[in-house]
Amino acid sequence: MSNADAAVPRAIATTASKTGATLPISFRIALRELRSGLRGFGIFLLCLILGVAALAGVRSLSSALGEGLTNRGQVILGGDAEFSLVHREAGAQEIAFLQSQGRLSQVSTMRAMTRSTKSDARALVELKAVDETYPLFGEVRLEGGGSLDEALAKRDGHWGVVADPVLLTRLGVAPGDLVQVGTLEFQVRHPLASEPDRLSEGLMFGPRLFMTREALAESGLVQPGSLVTNAYRMRMDTGGEGALRTLLEEVRTRFPDAGWRIKSRENAAPGVERFVARLTLFLSLVGLTALFVGGVGIANAVTNFLDARRRNIAILKCVGAPGRAIFEIYLIQVMILAALAIGIGLVIGAAIPIALAHLLADMLPLPLETGIYPLSLFAAAAFGVLVTLAFAIWPLGRARDIPAQSLFRDAITPARRLPHRPYIMAVAVVLLILVSVALATFEDKQLTLWYIFGLAAGFAILVGLGKALTWAAAKMPTKKTGPITRLAIGNLHRPAAPTVSVVLSLGLGLSLFVTLALVDTNLTRELQRNLPGQAPSFFFLDIQPDQHDRFEQMLKGLPGAHDIQSVPMLRGTVVSVNGVPSQQVKVDPEVAWVLRGDRGLTYSEIPPANSVITEGEWWPKDYSGEPLVSMAEDAARGMGLKVGDHLTVNVLGREITARIASLRQVEWRSLAMNFVLVFSPNALRGAPHTFLVTVKAPPGNEPEVLKVMSDAFPNSTAVRVKEALDTVNELMEQLLTAVRGANAVTLLVGVLVLAGALATGLRTRIYDAVVLKTFGARRQQLLVAYALEYGLLGLTTAIFAVVAGAAGSYAILTFAMQSSWTFSGEVAITAALLATCVTIAAGLMTTWAALRAKATPILRNE
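Keep in mind that what you see is a predicted model, and the values were worked out from it rather than measured.

## Section: the environment of L455
Note on placement: L455 falls in helix α16 (residues 445–475). Linking L455 and L288, residues 167 residues apart in sequence, is a C-alpha distance of 9.8 Å. Aside from chain neighbours lying at most four places away, what touches L455 is T289, F292 and L508.

## Regarding the confidence of the model for the protein chain
When the pLDDT values of the protein chain are averaged, the result is 82; 87% of them are 70 or greater. Every residue in residues 15–21 is under pLDDT 50, and counting partners more than four places away or in other chains gives 12 contacts.

## Some words on the packing of aromatic side chains
Scanning the entire structure with this criterion turns up 17 aromatic pairs. Ring geometry for F383 versus F442: centroids 5.7 Å apart, planes at 25 degrees, classification stacked. One end of the pair, F383, is in helix α13 (residues 374–401); the other, F442, is in the loop between α15 (421–441) and α16, with 59 residues separating them in the sequence. Neither F383 nor F442 differs from the other in exposure class; each is buried. Ring geometry for F551 versus F713: centroids 4.9 Å apart, planes at 55 degrees, classification tilted. Placement of F551 in helix α19 (residues 545–556) and of F713 in the loop between α22 (702–712) and β21 (717–720) is noted, with a sequence separation of 162 residues between them. Each member of the pair, F551 as well as F713, is classed as buried. Through a chain of ring-to-ring contacts, three or more aromatic side chains come together here, namely F83, F97, F255 and W260.

## Remarks on a nonpolar patch on the surface
Nonpolar side chains collect at one region of the surface, where L340, I344, I348 and I352 lie side by side and expose about 290 Å² of accessible area between them. Relative to the elements of secondary structure, L340 occurs in helix α12 (residues 323–359). Under the relative-accessibility criterion, L340 is labelled partly exposed at 43%.

## Here's the deal with the nonpolar core
F44, L48 and F391 are the most contacted members of the largest nonpolar core, which totals 97 residues. Residue contributions to this core peak at 14 residues, all from helix α10 (residues 270–308). In contact with F391, other than residues within four places in its own chain, are F292, G295, V296, I298, A299 and F459. In terms of nonpolar packing, the next biggest core, distinct from the first, is built from 34 residues, F538, W618, M673 and F713 among them.

## Focus on the pairing of strand β7 (residues 184–194)
Where strand β4 (residues 141–142) lies against β7, two bridges are found, and the strand directions are antiparallel. Within the sheet, the bridge partner assigned to L142 lies in β7 and is L192. As judged from the five bridges shared by strand β5 (residues 159–163) and β7, these two strands associate in the parallel manner. Considered in β7, the bridge of V161 is made with V188. By the bridge criterion, four bridges tie strand β6 (residues 178–181) to β7 in an arrangement that is antiparallel.

## Quick notes on unusual backbone geometry
For residues besides glycine, phi is generally negative; the peptide bonds are generally trans as well. Note the cis peptide between Y134 and P135, where omega equals -5 degrees. Following the sequence through the fold, P135 ends up in the loop between β3 (122–130) and β4. Of note in the backbone geometry, H87 takes a positive phi value of approximately 80 degrees without being a glycine. Positionally, H87 belongs in the loop between β1 (81–86) and α5 (92–101). Despite not being glycine, D622 shows a phi value in the positive range, around 60 degrees. Looking at the secondary structure, you find D622 in the loop between β15 (611–616) and β16 (628–632). By relative accessible area, which is 66% here, D622 ends up exposed.

## What about the pairing of β5?
The buried count for β5 comes to five of five residues, which makes it a mostly enclosed element. Side chains W159, V161 and A163 of β5 all project onto a buried face; the interleaved residues G160 and V162 project onto the opposite face, where all are buried too. With two bridges joining them, β5 and strand β8 (residues 208–212) adopt antiparallel strand pairing. What sits directly across from A163, in β8, is L209.

## Description of the packing of α5 against helix α9 (residues 241–254)
Two numbers describe how α5 lies on α9: the axes approach to 12 Å, and their chain directions differ by 165 degrees. By the angle between their directions, the pair α5 and α9 is classed as roughly antiparallel. The handedness of the crossing between α5 and α9 is right-handed. Judged by residue contacts, F97, L98 and Q101 of α5 engage L247, E250, V251 and R254 from α9. In the contact of α5 with α9, the residues fall into four nonpolar, one polar and two charged.

## Observations regarding the side chain of T212
Position of T212 relative to the elements: it lies in strand β8. T212 sits in the buried class, given a relative accessible area of 11%. Polar side-chain contacts of T212 include one of 3.0 Å to the backbone nitrogen of A215. Excluding anything up to four places from it in sequence, T212 contacts A129, V130, L152 and W159.

Reading the values: the criteria
- Residues numbered from 1 in each chain as written.
- Predicted model: local features only at pLDDT ≥ 70, side-chain atom pairs only at ≥ 80, totals over all residues.
- Heavy atoms only, no water.
- Helix = DSSP H or I, 4+ residues; strand = E, 2+ residues; numbered from the N terminus.
- Contact = heavy atoms within 4.5 Å.
- pLDDT = per-residue confidence, 0-100.
- Phe/Tyr/Trp six-rings, centres within 6.5 Å; stacked < 30°, edge-to-face > 60°.
- Buried < 20%, exposed > 50% of the residue type's maximum accessible area, 1.4 Å probe, protein only.
- Patch = residues over 30% accessible without salt bridge, like charges linked within 9 Å, V, L, I, M, F, W, Y side chains within 5 Å.
- Areas by Shrake-Rupley, 256 points an atom, 1.4 Å probe, with all protein chains shown as cover.
- Salt bridge = Lys/Arg side-chain N within 4 Å of Asp/Glu carboxyl O.
- Core = buried A, V, L, I, M, F, W, Y, C linked by side-chain atoms within 4.5 Å.
- Pairing = 2+ DSSP bridges.
- Axes fitted to C-alpha atoms, helices over the stretch in contact; angles between N-to-C directions.
- Parallel < 35°, antiparallel > 145°, perpendicular 65-115°, else oblique.
- Left-handed = near helix turned anticlockwise from the far one by under 90°.
- Nonpolar A, V, L, I, M, F, W, Y, C, P; charged D, E, K, R; others polar.
- Polar contact = N/O pair within 3.5 Å; in protein donor to acceptor, adjacent residues only side chain to side chain.

The following block contains the structure:
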């Protein structure tokens, strides 16, 4: 034993014999022993740093986004408040009142088709028509400079437009060229560089095109029932949140039947906020998983550390040092190192949003408010401390209670006894606190609770799997096997074998990897292969009633066009459910979108295709009684509704109350025309509306269909399903990139923990290897035996990960996303190869010391 190691037992023995060990003395001794270095704590520190950094980074980034959305709410919304209407413009009284409260700007948005007069190329655009006061906040920047008003002004007989550079590329046009929108030709003036209020307008299926409201009126695009949104944005004369809330309440009271959707600077982009909250929750749970996986590494590191100090502990116990002193000394050392790792992790996590804001400022679609967010960092630190305690108390308690002679005997036959009951209870209390902190910190309590339950179940199953593998290896007949195979199988159940730790450390991270990989594979398959085959080629919007028959006849005459379907379409807002205002109705979060904003509505005499009536009855033809509505079953269940209940919708300022006559099971994945709410014809037939027409055509015929129909009906809008799916795919890819990044952290922590688990029994393995080589075993034989041992461990873990990942992905896709699920053999094989290769590589790297150890020093010391 070295002088440094010997000093510790002497110090403890002296102080313990005189006064009994107290915390200050234990603290001084712990600091003295730490002077010998941090050897054996590298994986401990790395696991804790990565886990805390992941949590701190995700929570800090979420806080930075939240602050950015809040602080820039006026710019994102384009005003202090926005009042939007679908299909119609505000009346004179409504406009007069809004103008009396502040400066007003009107913005009209709709989807439209644009055509290059030079190349005849066509593209769907998200059209935005603005007035001279736009924008009230922020600035529209154009490539090359200049003002938006000048760019859109009418010159030389042509109105100007400003277009997203993507649109110019698609059409093959440049500034100065002409494009047709509706019945007018416009001159492209400038490419668009930035749009201040882009985030408030949700998902876009086409590039942006700016024009004036006067030009939109002349284009012939706006007809009765056209799907155009008119937003009235206000810059208030008086500031303050109280004044804003008073204004919003007065608007609702003064115009209760207006049917507009109201947003304020406090919720400028509610869809974005919901997306950020969901993504933050998911990534936080993944980060928590990484921290829990790292907890196994913490337990292994503490075990290794105590193993290296077993002589000190045995001597201390022999000279009378109380067990409490042993526990205090090493717990203090562990927590000091944990504080160091947590501090480093917090610094890294706090720097993530700051680094992103500076390095990716031009690429980030969301505003970041850089700064230090103490609550986010405190939550990450709390998780780090609690996980450290939960996984360190167990091995520390075991060392505290084992008699001195057992510690000496551990050198050959490590004892396997549980800690004393108070330590087990302490671990349970820490875990309970950790769950409470998670529920208090994460937004969705139910999902968080289910996730923690799944994590705990995964731990229990993996521990059971590791013990089952140990038992099976011990019972396996090996008389007829070769010596190398016997050695490999024996290593799985020998004393101090890392079997359970290896399965546990790699199993959780790999299970998460398989789950996300299967979700990714199924969603990609659904979006790229199955849906395009089922879905229509085009959705044609804004077909006027007097155009409908002629539109269908012309479409039927085009080569390859088939499966033509059409339904009347208009927009409305659900304002009350069974007489309760929609804002006060408690619904399942999965169907809350039904009550947010305006919805597509239709009427029909017969049940829609791709749906089955599950409750109630459809109305008879020529029905003329009270208004009836058929509702999608999943939406009704989520809102707690049944046949006989009532819904009130606002359509063009008129409220219509309808009784639910039936519920329908809808096949949404087909992308065929279907609506959450389908009314009886007598309820909506008199309202101004347009028709929605779908058609299927072979890919080679799609360009001709688009050209002929857009030329004949310039006011119509064609949405090509493939392009819409490409947009969704792009968003999914961005989301999955973030998820894969978090998953990579979990896998990295798992590999680190794996290395630590393998290092736990390294001392015993070195001794075994030296004895075997002394009796004639060659290094190559030991290498093969170790590779076989680690291969069996990796393959067993992979089998569990594939089963657990398949079950997890099935639950996510089937119950959460209502999508189909197919098992992927490719993902399973990849997981198996990954687990086996990683385990073999980590095992051989870790145990290389056993292969090259010299016999004489080891045998002499033992």
